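# Summary of the model geometry
Listed below are the residues making up each chain.
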Amino acid sequence: MSAQERRYRIRFAERGAEEITEDTVEFTLDLTTLYGIPVVRGSVAHPIQGANEMSPFLVEAIDEDGALTVLMTTEKTVYFDFLTDVPEGPAVGRWDIVGRMIDLQWQGTDEDEFSPSEWITYGTGRCSGFDEKDGQGKYRIEISDESWKARKHKEVFEFADTASLWPPGVLRNWRRSRQVRPATVIDISPGPGDLTRVTLRAGCYAHPQQNLGVSSSRAIISDGLKRFLKEDLREELNFASAGTTDEVPGNFVHTRLLFGAGLSDSSGTSEFTASYEIVSFGGLDEEEIFSELENPLMTTTYSQTDSSVEAFFFDIRVYVRNFPISAPFPEPIGDGVGALLWAPTSPPSKALPLHIGMTNVGYYFSLGGAAIDHPWGVQPDPSEGLAGGLGGIHVADLHRRVWDIMELRYDPANLTQIEADSSFPLLYPRITDEEAENPEEWLETVRQAVGLISLRDSRGRLKLVDMRPVREIDFDSLDTVDASNSEQLTWGMLGRELINRIIVEYDHIEEPTEFTLTKFAGVGNQGRSVGSVDPPPGVEFLDGLVTLQKQLGPYDGDTIEDSGERPFSFQGQTLLLEAPLESDEGEPAETRLRLLNLLAGWLELYQDGLQRFEFELGKTLADEIEEGTLVVLDHASLQIPNPRTQARSGERVIRIVSITRFPAYAEIEAILLPTRDVPEIQVCEAVS
Amino acid sequence: MATENLKGTARFEYTPVDGSPITHLLGTPLSPIREFVPSRLKQRFDWWAVNKTNREIVTIEGGAEEVVCTIRVDNDPVGLKALLQAALEDGVTVDYYPSTGADVIPFQVVEILGGADDEIPLTQDRGRFGGGEYEVPVRLRRIDGGTLDAIYRPA
């Protein structure tokens with residue numbers, strides 16, 4: 001039993017403010033202006049989809065003496081910056097309210113335990129419209145969440161700058177791929193004017209003991225690479241040398257030669273690194289621009305004993321423009337100087353994807369050549385030694401980076417808390433044009449696959465809520481919903497939300513298999529010829545990795561015979577989920593177990609269907625909770641049937657997914673979490 | 001002015017928009033003797049738990065007192081209509097003086113009982129002494145946060 005007197009206010013931030021603080025508030029509506037107490041509708045949660053949506057809500061206010069009209073408008077100068085030679089127009093009044101941040105607050109008038117002195121924010125959004133449909137002098141101001149920002153398709157995944165086109169491979173350790181070894185620079189010859197001809201060599205030793213780490217497939221010049229380069233040609237080609245001052249671009253929009261430090265894993269670390277514009281892969285005219293790729297010079301060496309191939313190399317000569325124009329191309333330093341072809345400004349595509357979660361190994365090359373942390377890289381795991389681990393990004397870290405770029409507001413403490421939970425599987429997303437087109441929609445599939453949902457807090461900020469079954473619940477630490485603090489409780493289960501068979505469809509990515517070299521035309525134990533080697537089947541991507549469509553499961557729940565098969569497929573193609581438990585391909589067992597435990601949790605949640613509850617909750621408890629909070633539901637007190645006790649008795653845990661706050665109570669939506677212990681899959685040592 | 005000599009000092013004073021202050025004398029003071037229903041107004045949100053023993057109340061800061069009463073034996077219908085018109089159409093506050101020397105009570109005329117939102121009806125007084133006396137049942141709200149205790153429970 002509690003009674004409380006409150007005052008309410010609505011704060012409007014100044015234009016452009018991303019947060020409402022005392023410093024950014026431009027004007028405030030109080031009780032003398034408000035037509036009623038605004039009610040913020042709770043989000044509509046879709047746990048299976050990992051998504052939520054907020055319904056717009058209205059603030060109704062009286063335009064007393066025209067004061068609100070003044071506040072909602074401003075004097076602006078008419079000026080169109082896309083027109084030239086047009087003088088500034090006169091200053092005129094304009095509506096100036098749509099898009100502004102607005103928050104709703106209340107404050108107790110008496111300071112006691114039920115009436116905190118600080119203002120409590122119970123809703124935040126942006127003005128999405130306004131009208132006077134209820135009559136002149138009564139404004140209705142519509143407030144919406146910022147989901148329109150998430151739909152803007154902002155270029156989050158801008159550059160596919162994580163792969164080497166030739167030799168093909170990823171630029172840092174990622175998943176099971178080790179950092180690509182660059183080609184060796186074997187010759188640098190001055191060309192005319194600002195041009196320099198650089199000769200690159202990549203190849204391998206066929207004998208395993210002599211393999212220097214470059215697989216045979218890393219040397220090939222694939223048809224895919226040739227297609228990419230031809231499509232990357234500029235419309236106007238220029239083979240002439242530039243003058244002494246004017247910078248002249250190369251003939252490729254995105255493709256560059258990356259030369260210098262850090263590209264070698266041996267001692268060859270020079271002091272200079274830069275990305276050079278490429279003029280030609282052959283002669284200096286349009287006919288010859290790809291001649292070195294169409295007919296690359298190949299060197300093979302053969303065994304003196306059985307004539308088998310011991311090694312082979314491809315050489316490619318590339319004309320580049322010096323950068324800066326007045327600087328000569330640097331001299332090679334030692335044997336370890338490397339170079340590779342890459343396309344750092346190319347957008348992600350199916351042919352050239354962006355790899356998320358690569359290890360930084362301490363540096364990365366920005367477009368200007370400076371060493372920086374890559375925006376989608378991760379710090380290497382020190383426990384993995386010098387190799388720095390194979391990368392992998394935590395789902396909370398992924399959300400933080402995407403939301404930062406999309407300028408979506410989120411609760412940083414929430415992401416830190418989720419990130420500390422190591423039970424989530426590490427992710428290795430590979431971004432193509434599909435994911436890049438709508439990042440937030442793609443994130444929904446990520447959340448769905450790892451058992452998270454995004455909700456908004458009272459400040460309108462996004463947060464992640466763990467929807468997996470909770471193990472080892474301490475009932476005493478949770479608040480209880482019973483007959484003394486709730487009203488009008490109803491519940492239901494929908495058959496369409498029953499899932500008793502789970503399948504994960506995903507991309508399996510691996511290094512291409514080695515292929516056996518046969519003797520090429522040659523003389524003696526060394527031959528030089530012009531030719532090419534067909535790539536092994538499955539090499540479809542310019543990052544040199546093989547992609548195979550696979551599925552994990554199906555995993556069946558124990559209700560499948562009674563209720564019929566209700567399958568659900570996770571579309572995990574871009575997640576690169578870890579391989580199944582029975583795989584012997586060397587993935588960390590711990591990561592695979594996390595995934596299997598996640599799937600077990602999904603079955604536990606959904607194989608009996610999703611039980612949803614709706615009820616009213618008195619404000620004393622409602623003021624203490626937020627979306628995502630766990631509470632205990634007292635079945636005996638509320639006379640709700642409990643399948644676990646097969647009676648209207650016992651207690652179970654529910655998770656709040658939606659709260660609509662009225663002054664004296666809140667309308668709650670919640671889903672049931674399983675109360676029996678979910679079996680956790682453990683690794684057992686084989687008994688011999 | 002048939003009842004002019006019956007008038008005391010009870011009066012309304014108001015200032016029309018773009019006008020000069022006007023004093024409107026009342027035939028009889030607003031009085032609890034007849035047709036006088038005071039009430040307290042405060043926005044209250046009341047919620048009971050399902051077991052009907054636990055209650056949550058939230059009230060909104062502020063509040064006002066109202067009275068439903070009747071302006072009686074008014075023999076200045078034109079002046080009365082002008083007063084109601086200024087109060088209802090322009091939102092002008094009317095100050096009520098129960099008697100000479102009494103504290104002023106600022107009122108808003110909320111509505112005329114029995115009339116539509118766009119009507120200002122005057123009714124002939126039921127107990128009129130002669131012709132030309134009118135009455136109007138009104139709902140008046142004190143808007144300065146004060147009470148009406150002094151009117152319906154005189155000291």
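Residues numbered from 1 in each chain as written. Chains lettered and ligands numbered in written order. Predicted model: local features only at pLDDT ≥ 70, side-chain atom pairs only at ≥ 80, totals over all residues. Heavy atoms only, no water.

## Description of the interface of chain B and chain A
Every contact between the two is made by 19 residues of chain B and, on the other side, 25 residues of chain A. For the pair chain B and chain A, the summed buried area comes to about 1,800 Å², and 57% of that belongs to carbon and sulfur atoms. Three residues stand out in chain B for area buried against chain A, namely B:W47, B:E56 and B:E61, and they jointly supply 36% of the buried area on that side. Here chain B and chain A share four salt bridges between them. Taking the shortest distance from any N to any O, the salt bridge between B:K52 and A:E487 comes out at 3.8 Å. The interface formed by chain B and chain A holds 14 residue pairs in polar contact (both at pLDDT 80 or more) in total. Only β4 (44-48) and β5 (55-60) of chain B provide two or more residues apiece to the side of chain B that touches chain A. Taken together, the residues of the side of chain B that touches chain A break down into eight nonpolar, five polar and six charged. Pairing between strand β1 (residues 2-13) of chain A and β5(B): five bridges, direction parallel. Following the sheet pairing, A:E5 is matched in β5(B) by B:T59. (Contact = heavy atoms within 4.5 Å. Buried area = accessible area lost by both parts, 1.4 Å probe. Salt bridge = Lys/Arg side-chain N within 4 Å of Asp/Glu carboxyl O. Polar contact = N/O pair within 3.5 Å; in protein donor to acceptor, adjacent residues only side chain to side chain. Helix = DSSP H or I, 4+ residues; strand = E, 2+ residues; numbered from the N terminus. Nonpolar A, V, L, I, M, F, W, Y, C, P; charged D, E, K, R; others polar. Pairing = 2+ DSSP bridges.)

## Side note on unusual backbone geometry
The bulk of non-glycine residues show a negative phi, and the bulk of peptide bonds are trans. Geometrically, the link from A:W166 to A:P167 is a cis peptide bond, its omega value of -5° lying close to zero. Examined against the element boundaries, A:P167 turns out to sit in the loop between β11 (163-164) and β12 (169-170). Phi is positive for A:E407, which is not a glycine, with a value near 55°. Inspection of the secondary structure puts A:E407 in the loop between α5 (395-406) and α6 (412-419). The phi angle at B:K52 is positive, at roughly 60°, despite the residue not being glycine. Relative to the helices and strands, B:K52 resides in the loop between β4 and β5.

## With respect to the confidence of the model for chain A
Residue and element names in this part refer to chain A. Taken residue by residue, chain A gives an average pLDDT of 78. The fraction at 70 or more is 75%. Taken together, the stretch residues 261-272 has pLDDT below 50 and engages in 27 contacts with residues farther than four places along the chain or on a different chain. With pLDDT under 50 throughout, residues 683-688 is counted as low confidence; its partners more than four residues away or in other chains account for one contact. (pLDDT = per-residue confidence, 0-100.)

## Topic: the side chain of A:D634
Residues and elements named next belong to chain A. Along the polypeptide, D634 turns up in strand β33 (residues 630-634). Nearest to the buried, unbridged D634 among oppositely charged side chains is R652, at 10 Å. One polar contact links the side chain of D634 to the main-chain amide nitrogen of S637, over a distance of 3.0 Å. If we skip the residues at most four places from it in the chain, D634 touches T480, V481, D482, G650 and E651. (Buried < 20%, exposed > 50% of the residue type's maximum accessible area, 1.4 Å probe, protein only. Lys, Arg positive; Asp, Glu negative; His and termini not counted.)

## A closer look at the sheet that holds strand β26 (residues 480-481) of chain A
Residues and elements named next belong to chain A. Read across the open sheet, the six strands follow the order β26-β33-β34-β35-β32-β27; overall the sheet is mixed. Both outer strands of the open sheet, β26 and β27 (486-493), are each paired with one neighbouring strand and no more. Note: strand β34 (residues 651-661) against strand β35 (residues 665-673), eight bridges, orientation antiparallel. Within the sheet, the bridge partner assigned to I654 lies in β35 and is L672.

## A few points about the nonpolar core
One finds A:F157, A:I356, A:W376, A:L398, A:V402 and A:W403 to be the most contacted residues of the largest nonpolar core, which totals 56 residues. In terms of nonpolar packing, the next biggest core, distinct from the first, is built from 41 residues, A:A202, A:L229, A:I278 and A:F314 among them. (Core = buried A, V, L, I, M, F, W, Y, C linked by side-chain atoms within 4.5 Å.)

## Some points on the pattern of salt bridges
Residues and elements named next belong to chain A. Evaluation of the coordinates by the stated rule reveals 49 salt bridges over all chains. For the salt bridge of E626 with K463, the shortest nitrogen-to-oxygen distance reads 3.3 Å. Pair noted here: E626 is in the loop between α11 (619-622) and β33 and K463 is in strand β25 (residues 462-466), with a separation of 163 residues, a long-range link. Among the residues examined, E626 registers a relative accessible area of 42% and is labelled partly exposed. By relative accessible area, which is 4% here, K463 ends up buried. A salt bridge links R468 to D466, with the shortest nitrogen-to-oxygen separation between them at 2.9 Å. Side by side, R468 and D466 carry an identical accessibility label, which is buried.

## Brief notes about the environment of A:D285
Residues and elements named next belong to chain A. Structurally, the position occupied by D285 is in the loop between β16 (273-280) and α4 (291-294). As for D285 and I509, which are separated by 224 residues in sequence, their C-alpha atoms are 39 Å apart. At 3.0 Å, the side chain of D285 forms a polar contact with the backbone nitrogen of E287.

## Concerning a negative patch on the surface
Side chains of A:D285, A:E286, A:E287 and A:E288 sit close together on the surface and give a patch of like negative charge. Tracing the backbone shows A:E286 in the loop between β16 and α4. (Patch = residues over 30% accessible without salt bridge, like charges linked within 9 Å, V, L, I, M, F, W, Y side chains within 5 Å. Areas by Shrake-Rupley, 256 points an atom, 1.4 Å probe, with all protein chains shown as cover. Charge placed at Lys NZ, Arg CZ, Asp CG, Glu CD.)

## Thoughts on helix α3 (residues 223-231) of chain A
Taken as a whole, α3(A) has its buried residues at A:G224, A:L225, A:K226, A:F228 and A:L229. In this fold, the buried residues of α3(A) make contact with α4 of chain A.

## Quick word on the confidence of the model for chain B
Detailed reading of the predicted coordinates is not advisable wherever pLDDT falls low. Per-residue confidence for chain B averages 87 on the pLDDT scale, and 92% of its residues sit at or above 70. Overall fold confidence for the complex sits at a pTM of 0.81, while the interface term, ipTM, reaches 0.79.

## Describing the packing of α5(A) against α6(A)
Residue and element names in this part refer to chain A. With their axes 8 Å apart at the nearest point, α5 and α6 run at an angle of 150° to one another. Taken as axis vectors, α5 and α6 run roughly antiparallel relative to one another. For the pair α5 and α6, contact is made by A396, D397, R400 and W403 and by L415, T416, I418 and E419, respectively. Classifying every residue of the contact of α5 with α6 gives four nonpolar, one polar and three charged. (Axes fitted to C-alpha atoms, helices over the stretch in contact; angles between N-to-C directions. Parallel < 35°, antiparallel > 145°, perpendicular 65-115°, else oblique.)

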